[in-house]
Structures are given as structure tokens and as C-alpha cells.
Amino acid sequence: MAMALSSLQVLLFSLLLAASAMAFPAQQPAMGRVRWQVDRVNRRGPSLGLVMSYVDEDTALQASGYFTPWRVLPFVDLYGRRFHIGSIRGVNVIYALTGQRRLNAAVTVQTLIDVFSVSGIVHYGTAGSSNDSMSFGDVSVPKLVAYTGAWTWKKFKSPKESSTELSFGEYNTPNGGENLLGSLKFRNEELYSVGKPMKEVFWLPVDSAWFKIAEQLKVKLERCNDTFCLPTTPQVVYGLKGASADMFLDNAEYRKFLFREFRVSTVDEESAAVVMTTTSPGVPVIVFRGVSDLAGGEPTWSSTSLMNLASINALKVAVEFIATVGKHKSTISVQRSNN
């Protein structure tokens, strides 16, 4: 009887070991190494998080020479993404390629904020223009961004409401009229913030202090890349509005609608997610978007060759901002130590 019980205990113990191996596979030692790497990175002090969405934008940074990898630990691989550790103009920076659209951008930024010691998020990239006064290669530093991809589909002949609607019938050709698609009502987003009740918002502001710093930047943008030269030198434009949605906008009438109804000047797929993710915990954020295309109604010549130039110009402004913020923080630290 004792022998039978002992054998049963051995069997149960073996089953528990097997279950443990299945529940906690070989990734446990790997996660332990990642935790050690993250702690090692955070011990060097706070960093600025730098995020971009497209591979071309990442390539622009790698080719620029602005970023100096940290020799001790040049990167950390976490949740399928690579977080590059280093500096720009002497300022600690952790940068990551988010991937496209809202979910990818939010997940990457949330990881940066939760895992690493990050004092703010700088977001740069390309955008389509919905404002005819914006030229190719220009860099927009928006003060407000919105997510314009959340809609409530309204029934045909629904009563007009005070909020902005998009009526499909107005775009029937050759004459406007009724349309069985009805209309769309743009929805607010639910914003959850630390220490505050949930509130519905449409416009999300970038950090006001960072925006004031950005307004003082003096950056000469590039007019030419390896394949194309613009007729005039692009400019940095401040204080406009940007919009994001999980779609690549290539429709002249819709971009005109966004500008007419919301005064949106640039459209992309990630900026609103980046700003919203940082707004919840109160982390400073700023956005730099270079105009690479017209969001519908392209000119006869193709603007695809301008993607690289728009990335380079947006990066130049972001780098100058990072250097300025780093210098600003150093000055404040010196003043505090003297006091």
C-alpha cells in the first residue's frame, strides 16, 4: 500500500512538472534577460521616446547619422518590437518603429511608457495634405489632432444634428441629391486619464510647453533628394490641425470635407493614437509630420519620390527639437543644483 502511494506521488509530481513546463516554457529565462536589459537601460537615466510608423521613416533615421547607439546595450527586443537605445545630440533616446495604424502606434507607445524610463514622446513621420496651402516637403507641427475614423452610420433622411455630418448625397454626380448610404456622424473618443473621470473628446492637444519650444526652432529643410528637387524650399508650419484614421486617404472630396469642416491640414494613420496614449498618463508629446502627398487629387506627376524627402525633413525638425529639449533640461538641472 505504501509502495502504491509512493508511486502515485511520483506520478503526480511528474505531471506537475510537465504542466509547469507547458505553462512557463523556455521564454522564462529569456524574459529574465529582458528584465535585466530594461533595468540596465533605465539606470542610465530618463530618455526621450522617439517613434515613427513607416519603414522609410526608420530608414531616414538610420541613414542620417543623428542616432548614436549605446555601446553597452544598443537595443532591447520586447513583444516583437526592437527598441533602439542610444542618443541624439547628447540626449538619451529610445526609438522604435511602431508599424502602421492606430493599434500598432498605441501598443508601441504604451510599452515605451510602461517599461522604460521615458520623459516624453516625440513622433515624426509623413502625412498627406488636406490643406491646399501646404506644399510638398513642408513639416507640420500640429497643436491639435483628432481621430476621424470613428463614425456612427445614420439612417437615410435622418434629422440634421448640430455635430458634423458627412452626407453622401451631396457628392452624387452630376448633381447632388438623395443617396441610400445616408450620412455619417463623427464620434468623440473616450479619454481615460490618471486621477480624472472619463470624458469624451474630439480634439487632443500636444504638450503646450513642448509646442512653445518647437515654435522657436530654426530649421532649414531640404529641397532635394537623390531623385527629385522641389521648386521652392519647404517650410515648418506651426499650430495647424491634424487628423488620423485607420485608412490611407486618397480622395479629393473627402480631404476637402475634412479641411472645410474641421480645418484639418494633414492626415495620417497614427498621430492621434500617439497623442491619446501619452495624454492618459500625462506624458509630454509632440508631433512632426512631413507632407509627402496630396490626400486625393494628385498632380499629373507622381509624388511617391517625395516620401523620402518628407521623412528627412520631419526628422530634421524632430532632431532639432530633441537637442533643444535636452539643452533646456540641462539648464534647469544646473539651476536647481545651484539653488
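Our subject is the structure that appears above.
Residues numbered from 1 in each chain as written. Predicted model: local features only at pLDDT ≥ 70, side-chain atom pairs only at ≥ 80, totals over all residues. Heavy atoms only, no water.

So what's going on with the overall build of the protein chain? Residues and values would help.
Along the backbone of the protein chain there are 8 helices and 18 strands. Split into buried and exposed, the 339 residues of the protein chain put 44% on the buried side. Here the contacts in the protein chain between residues at least 6 apart in sequence split such that 76% fall between residues at least 24 apart. Carbon together with sulfur atoms contributes 56% to the accessible area of the protein chain, which is approximately 18000 Å² in total. (Helix = DSSP H or I, 4+ residues; strand = E, 2+ residues; numbered from the N terminus. Buried < 20%, exposed > 50% of the residue type's maximum accessible area, 1.4 Å probe, protein only. Contact = heavy atoms within 4.5 Å. Areas by Shrake-Rupley, 256 points an atom, 1.4 Å probe, with all protein chains shown as cover.)

Tell me what's going on with the state of the cysteines, and back it up with residues and numbers.
According to the stated counting rule, one finds 1 disulfide in the structure shown. With its sulfur 1.9 Å from that of its partner, Cys224 forms a disulfide with Cys229. Negative torsions about the S-S bond denote left-handed disulfides, and the value of about 115 degrees found for Cys224 with Cys229 makes this one right-handed. Looking at Cys224, the relative accessible area reads 29%, which means it is partly exposed. (Disulfide = S-S within 2.5 Å.)

Would you mind going over the pattern of salt bridges in detail, with residue names and values included?
Once the charged atoms of two side chains with opposite charge are near each other, the side chains can pair. Inspection of every chain in the model, using the stated rule, returns 9 salt bridges. Taking the shortest distance from any N to any O, the salt bridge between Arg82 and Asp77 comes out at 2.7 Å. Here Glu261 makes a salt bridge to Arg260, at a shortest N to O gap of 3.6 Å. The class for Arg260 is partly exposed, based on a relative accessible area of 44%. The network of salt bridges with shared partners includes Asp268, Glu270 and Arg289. (Salt bridge = Lys/Arg side-chain N within 4 Å of Asp/Glu carboxyl O.)

Any chance you could break down helix α6 (residues 252-262) for me, citing the residues and the numbers?
When we look at burial in α6, the residues that qualify are Tyr254, Arg255, Phe257, Leu258 and Phe262. Angular distribution of buried residues about the axis of α6 spans 155 degrees; they occupy a single face of the element. At the N-terminal boundary of α6, the capping side chain belongs to Asn251, with an oxygen 3.1 Å from the backbone nitrogen of Glu253. Count one or two residues on from α6 and you reach Arg263, which has phi positive near 60 degrees. (Arc of directions from axis to C-beta. Polar contact = N/O pair within 3.5 Å; in protein donor to acceptor, adjacent residues only side chain to side chain.)

Can you lay out the sheet that holds strand β9 (residues 151-154) for me, pointing to particular residues and giving the numbers?
Within a sheet, neighbouring strands are paired by backbone hydrogen bonds and run either parallel or antiparallel to one another. Read across the sheet, 3 strands follow the order β9-β11-β10 without closing on themselves; strand pairing throughout is antiparallel. What marks the edges here is a single partner per strand, and that holds for β9 and β10 (165-167). Each strand of the sheet is rotated relative to its neighbour by a mean of 20 degrees, with strand direction disregarded. With 4 bridges joining them, β9 and strand β11 (residues 183-186) adopt antiparallel strand pairing. Considered in β11, the bridge of Thr152 is made with Lys185. (Pairing = 2+ DSSP bridges. Axes fitted to C-alpha atoms, helices over the stretch in contact; angles between N-to-C directions.)

Provide a residue-level description of unusual backbone geometry, including the pertinent values.
The backbone of Tyr79 shows a phi angle near 55 degrees, a positive value even though the residue is not glycine. Counting through the fold element by element, Tyr79 comes out in the loop between β3 (75-78) and β4 (81-88). For Tyr79, a relative accessible area of 58% gives the class exposed. Unusually for a residue other than glycine, Arg101 sits at a positive phi of about 75 degrees.

Kindly report on the packing of helix α4 (residues 101-115) against helix α7 (residues 271-279), identifying the contributing residues and their values.
Closest axis-to-axis distance for the α4/α7 pair is 8 Å, and the angle between their directions is 35 degrees. The handedness of the crossing between α4 and α7 comes out as right-handed. Counted together, Arg102, Ala105, Ala106, Val109, Gln110 and Ile113 of α4 and Ala273, Val274, Thr277 and Thr278 of α7 form the full contact between these two elements. A per-class count over the contact of α4 with α7 returns 6 nonpolar, 3 polar and 1 charged. (Left-handed = near helix turned anticlockwise from the far one by under 90°. Nonpolar A, V, L, I, M, F, W, Y, C, P; charged D, E, K, R; others polar.)

Summarise the side chain of Lys316; cite the residues concerned and give the values.
For Lys316, the location among the structural elements is in helix α8 (residues 306-338). A relative accessible area of 18% means that Lys316 is categorised as buried.

Tell me what's going on with the packing of aromatic side chains, and back it up with residues and numbers.
Applying the stated criterion across every chain, the model contains 14 aromatic pairs. Each ring, one from Trp203 and one from Phe262, has its centre 6.4 Å from the other, and the planes form 75 degrees; the classification is edge-to-face. Here Trp203, found in strand β14 (residues 203-205), pairs with Phe262, found in helix α6; they are 59 residues apart in sequence, far enough to count as distant. For Trp203, a relative accessible area of 24% translates into the label partly exposed. (Phe/Tyr/Trp six-rings, centres within 6.5 Å; stacked < 30°, edge-to-face > 60°.)

Outline the nonpolar core, supporting the account with residue identities and numerical values.
Note that soluble globular proteins tend to have their nonpolar side chains buried in a common cluster. Counting residues in each nonpolar core, the largest one holds 65 residues, and the members touching the most others are Leu50, Phe116, Phe288 and Phe321. Sorting elements by how many residues they give to this core places α8 first, with 8 residues. With residues near it in sequence (within four places) discarded, Phe321 still touches Val122, Trp210, Ile213, Ala214, Leu217, Ile286 and Phe288. Phe257, Leu258, Val267 and Ala295 belong to the second-largest nonpolar core, a separate cluster that totals 14 residues. (Core = buried A, V, L, I, M, F, W, Y, C linked by side-chain atoms within 4.5 Å.)

Which residues make up the environment of Asp58, and what are the values?
Take Asp58: it is sitting in helix α3 (residues 55-64). Asp58 sits 253 residues away from Ser311 along the chain, and the two C-alpha atoms are 8.7 Å apart. Only 3.2 Å separates the side chain of Asp58 from the side chain of Tyr95, close enough to count as a polar contact.

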